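Fold and geometry: a report
Each chain is listed here by its residues.
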Amino acid sequence: MGVSVTSKEFEFNDEFFLKPEIEAKGASTFQRTWFAIHNPNISKAFNDIDILAKQQKRKFQNFGFWAVGFAVLALSLAAIESAFILPAVDAHQLPKGVSTAVALAAALAGIVSCSVGLLGMGISGRKRQWLETRLICERIRQWRWQYFCANIPKIIAASGNQQKVEEYQATWTEDFNRFLAELRTTVADHLKSALVPSRSADVAMWLDDGFGHSVKSLDLGGLSASSPEKETMGELLAAYANIRIGAQSRYAAYLVTPDGPFRTHPGAQRRTLHRAGTWIVIAILALHLAVVAGILLGSPELKSKLVHVTAIVFAFCALGLRAVEDGLRPKEHLGRLKGYLAEITSIGDTYDPLRGDYRERAAMVALEKAAYKEMLDFLQNADKAKYVM
């Protein structure tokens, strides 16, 4: 279920307890270990960067939509101008200025399309900025949980001791600030390594060499069944199951559904684009059938230039939809998310916080590796996004 408002409600980044009601529920659920689960400084830093990443993504997508829209407009106006406007001008049915205006509008639309594509998405580096910011967000998320797993013995030792709790929280904040400062200065190199991996995921996944060693050497079954430490251990393992595994499972399950905002949902994007494409193909087919009927029945209206040009305009619209699909890449992102959901579900099925032995340790390592690989898949797919007709 995880820590969210209800068991069925999905909240983006609810693992950072950004809403008071979610924070209150987490604090009451994990009273012994709350000091090691929630850090307001980390949550704020993550949220600020996440908001920026979403803004950058939206701007990049907007430029893509505008580039494609103006390209379709330019091609459509050019077709209309040559098929209808010029003949009407030659027949003295329209003033020559109309032809000039439509031709100029088509040219300007083409210039705007190319300029938006080149300046808004190309040489501006807008996509790279978005991916770097998103990488920082996801590495913060991974660092937070790797730190949690690696420090389970220290958390158990500090639980119930106010002085040790305060020392742990202070050290946690200091370590995070140092990590984030270093990540900000090296994010370009991190992104380059993510797009063209040069190291094994088993090594590259760990944000600190000590994290991997500490997690892999955890002795989760070394406490007596009735000791207070065992109860604290059980709460830590339950927190990891409910918050870390639960949040990732809810995230993937939410995004693979076809219902949701077009901007964020690959499922909604794929369904919407598929439906629009289907209707356009049906319209083009109907227009061509009309031409055939016009020829067979000898009806000039059914085989007129209007029918032909309308079919051409619809074909330009179909090309535009394909360009949008190449930019959003819903099929690739859906495949990534479905694979991730299956992997997270498998890990969750093997994880039992009431058992607490080497299998839970292995599940933690598997989850962190899966999260790292999912981040790589996302960045590599997003880097291929191009709104080009």
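Provided above is the structure to which this section pertains.
The text that follows walks through the structure, step by step, so that each part is easy to find. The structure displayed is predicted, hence computed values, not measured ones.

**Points about the overall build of the protein chain**
- Looking only at helices and strands, one finds 14 helices and 0 strands in the protein chain.
- Walking the protein chain from its N terminus toward its C terminus, one meets helices and strands in the order α-α-α-α-α-α-α-α-α-α-α-α-α-α.
- In terms of overall dimensions, the protein chain has C-alpha extents of about 95 × 45 × 40 Å along its principal axes.
- Within the protein chain, the fraction of its 389 residues that count as buried is 44%.
- Considering only residue pairs separated by 6 or more positions, the protein chain has 78% of its internal contacts joining residues 24 or more positions apart.
- Working note: accessible area of the protein chain is about 19,400 Å², and carbon and sulfur atoms make up 60% of it.
- Counting 45 positive and 39 negative side-chain charges, the protein chain places the averaged centre of each group 7 Å from the other.

**Digging into the environment of Asn242**
- Its place among the elements puts Asn242 in helix α10 (residues 228–255).
- Put simply, Asn242 and Glu15 are 227 residues apart on the chain and 9.3 Å apart in space, counted from C-alpha to C-alpha.

**Some thoughts on the packing of aromatic side chains**
- Applying the stated criterion across every chain, the model contains 20 aromatic pairs.
- Connected via pairs of aromatic rings, a cluster forms that spans Phe35, Trp143, Tyr147, Tyr168, Trp172, Phe176, Phe179 and Phe211.
- The positively charged end of Arg144 is found above the aromatic ring belonging to Phe16, 5.1 Å away from the centroid.

**Observations concerning helix α12 (residues 305–328)**
- For α12, with 24 residues, the first-to-last C-alpha span of 35 Å sits near the 34 Å given by 1.5 Å per residue.
- Within the span of α12, buried status applies to Val307, Val309, Ala311, Phe316, Gly320, Ala323, Val324, Gly327 and Leu328.
- On its buried side, α12 packs onto α3 (40–90), α11 (266–297) and α13 (330–350).
- Looking one or two places after α12, you find Arg329, whose phi comes out positive at around 55 degrees.

**A short note on the pattern of salt bridges**
- The final tally for this structure, using the stated rule, is 19 salt bridges.
- Between Arg141 and Glu138 there is a salt bridge, and its shortest N-O distance comes to 2.9 Å. Of this pair, Arg141 and Glu138 both sit in helix α5 (residues 126–150), 3 residues apart, which is roughly one turn of the helix.
- Judged by relative accessible area, Arg141 falls into the buried class, the value being 8%.
- Since its relative accessible area comes to 17%, Glu138 is described here as buried.
- With its nearest N and O atoms 2.9 Å apart, the salt bridge here joins Lys369 to Asp202. Taken together, the positions of Lys369 in helix α14 (residues 358–383) and Asp202 in helix α8 (residues 201–204) put the pair 167 residues apart, joining distant regions of the chain.
- A single salt-bridge network, built from bridges that share partners, covers Glu15, Asp50, Lys54, Arg134, Glu138 and Arg141.

**A short note on unusual backbone geometry**
- Phi at His92 is positive, roughly 60 degrees, even though this residue is not glycine.
- Exposure remark for His92: the relative accessible area of 73% places this residue in the exposed category.
- Backbone geometry at Arg329 places phi at a positive 55 degrees, although glycine is not the residue there.
- If you trace the backbone, Arg329 turns up in the loop between α12 and α13.

**Overview of the packing of α5 against α10**
- As a packed pair, α5 and α10 sit with axes 12 Å apart at the nearest point and diverge in direction by 160 degrees. In this view, α5 runs roughly antiparallel relative to α10, as classed from their interaxial angle. The two elements α5 and α10 meet at a crossing, and its hand is left-handed. Packed against α5, whose contacting residues are Arg141, Gln142, Trp145, Phe148 and Cys149, the element α10 presents Leu236, Ala239, Tyr240, Ile243, Arg244 and Gln248 at the interface.
- Residues of the contact of α5 with α10, tallied by class, amount to 7 nonpolar, 2 polar and 2 charged.

**Section: the side chain of Lys127**
- Summarising the element assignment, Lys127 is placed in helix α5.
- Nearest to the buried, unbridged Lys127 among oppositely charged side chains is Asp383, at 4.4 Å.
- At 2.6 Å, the side chain of Lys127 and the backbone oxygen of Asp383 are in polar contact.
- Beyond its immediate chain neighbours, meaning those up to four positions away, Lys127 contacts Phe60, Ala382, Asp383, Lys384 and Ala385.

**Digging into the nonpolar core**
- Residues Ile140, Trp143, Tyr240 and Leu379 are the most contacted members of the largest nonpolar core, which totals 90 residues.
- Once you skip the residues sitting within four places of it in the chain, Tyr240 turns out to touch Trp145, Phe148, Cys149, Ile245, Tyr351, Met364, Leu367 and Glu368.

**Focus on the side chain of Thr133**
- Among the structural elements, Thr133 can be located in helix α5.
- Ignoring any residue separated from it by four or fewer positions in sequence, one finds Thr133 in contact with Ile49, Leu52, Ala53 and Gln56.

**Things to note about the state of the cysteines**
- For the structure shown, the criterion picks out 0 disulfides.
- The structure places no disulfide on Cys317, whose sulfur is separated from the nearest cysteine sulfur, that of Cys114, by 18 Å.

**Brief notes about a nonpolar patch on the surface**
- Side chains of Val292, Leu296, Leu297 and Leu302 sit close together on the surface and give an oily, nonpolar patch of about 410 Å² of accessible area.
- On the secondary structure map, Val292 appears in helix α11.
- Among the residues examined, Val292 registers a relative accessible area of 43% and is labelled partly exposed.

Calculation rules
Residues numbered from 1 in each chain as written. Predicted model: local features only at pLDDT ≥ 70, side-chain atom pairs only at ≥ 80, totals over all residues. Heavy atoms only, no water. Helix = DSSP H or I, 4+ residues; strand = E, 2+ residues; numbered from the N terminus. Buried < 20%, exposed > 50% of the residue type's maximum accessible area, 1.4 Å probe, protein only. Contact = heavy atoms within 4.5 Å. Areas by Shrake-Rupley, 256 points an atom, 1.4 Å probe, with all protein chains shown as cover. Lys, Arg positive; Asp, Glu negative; His and termini not counted. Charge placed at Lys NZ, Arg CZ, Asp CG, Glu CD. Phe/Tyr/Trp six-rings, centres within 6.5 Å; stacked < 30°, edge-to-face > 60°. Lys NZ or Arg CZ within 6 Å of the ring centre and 35° of its normal. Expected span 1.5 Å × (residues − 1). Salt bridge = Lys/Arg side-chain N within 4 Å of Asp/Glu carboxyl O. Axes fitted to C-alpha atoms, helices over the stretch in contact; angles between N-to-C directions. Parallel < 35°, antiparallel > 145°, perpendicular 65-115°, else oblique. Left-handed = near helix turned anticlockwise from the far one by under 90°. Nonpolar A, V, L, I, M, F, W, Y, C, P; charged D, E, K, R; others polar. Polar contact = N/O pair within 3.5 Å; in protein donor to acceptor, adjacent residues only side chain to side chain. Core = buried A, V, L, I, M, F, W, Y, C linked by side-chain atoms within 4.5 Å. Disulfide = S-S within 2.5 Å. Patch = residues over 30% accessible without salt bridge, like charges linked within 9 Å, V, L, I, M, F, W, Y side chains within 5 Å.

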